[in-house]
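# Inside the fold
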Amino acid sequence: MNGQKRSDITIGQPVKIVLKQDQRTGKLTSGIVKDILTKSPNHPHGIKVRLQDGQVGRVKEIEKA
């Protein structure tokens, strides 16, 4: 899944996000969702989340738990 629908993402789920500073390169960072920051039901660039380690970015891939 590509992370554009808020309903596909749950707290505690492993995901791959792109950080703000990595948007040009597209480098992905793996982590576990702590908070879902985007309020709208979907977003074309990915739902913004905060990982458990405090990093914030947009979900590009949802990993299998």
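Here, the structure is the one placed above.
All residue numbers refer to positions counted from 1 along the written sequence of the respective chain. At least 70 in pLDDT is required for a residue's local features to be given in this predicted model, at least 80 for side-chain atom pairs to be given and counted, and no such filter applies to totals for whole chains, interfaces and linings, which use all residues. Note that the side-chain values use all heavy atoms of the structure and ignore hydrogens as well as water.

Moving on: the side chain of Arg-58. We count a stretch as a helix when DSSP gives it H or I for four or more residues in a row; a strand needs E for two or more, and each element gets its number in order from the N terminus. Relative to the helices and strands, Arg-58 resides in strand E4 (residues 56-62). When accessible area is computed with a 1.4 Å probe and restricted to protein chains, residues below 20% of their type maximum are described as buried, those above 50% as exposed, and intermediate ones as partly exposed. For the purpose of charge, His is not counted, nor are the chain termini; Lys and Arg are scored as positive and Asp and Glu as negative. Any carboxyl oxygen of Asp or Glu within 4 Å of a side-chain nitrogen of Lys or Arg constitutes a salt bridge here. This buried residue, Arg-58, is left without a salt bridge; Asp-22 holds the nearest opposite charge, at 13 Å. Within the structure, Arg-58 has its side chain in polar contact with the backbone oxygen of Gly-46 (distance 2.9 Å). Pairs of N or O atoms are called polar contacts if they sit within 3.5 Å, as long as, within protein, a hydrogen donor faces a hydrogen acceptor (for residues adjacent in sequence, only side-chain-to-side-chain pairs).

So, about the pattern of salt bridges. Within this structure, the stated rule accounts for 2 salt bridges. Lys-27 serves as the salt-bridge partner of Asp-22, at 4.0 Å between the closest nitrogen and oxygen. Given a relative accessible area of 49%, Lys-27 falls into the partly exposed group. In this structure, Asp-35 engages Arg-50 in a salt bridge whose closest nitrogen and oxygen atoms are separated by 2.9 Å. With Asp-35 in strand E2 (residues 28-36) and Arg-50 in strand E3 (residues 48-51), this pair connects stretches of sequence that are 15 residues apart. For Arg-50, a relative accessible area of 29% puts it in the partly exposed group.

What follows deals with the environment of Lys-34. Looking at the element boundaries, Lys-34 is found in strand E2. Lys-34 gets classed as partly exposed once you look at its relative accessible area, which sits at 42%. Separated by 21 residues in sequence, Lys-34 and Gln-55 have C-alpha atoms that sit 9.7 Å apart. Every residue pair with non-hydrogen atoms within 4.5 Å of one another is taken to be in contact. Discounting residues that sit within four places of it in the chain, Lys-34 has contacts with Ile-11, Arg-50, Leu-51 and Gln-52.

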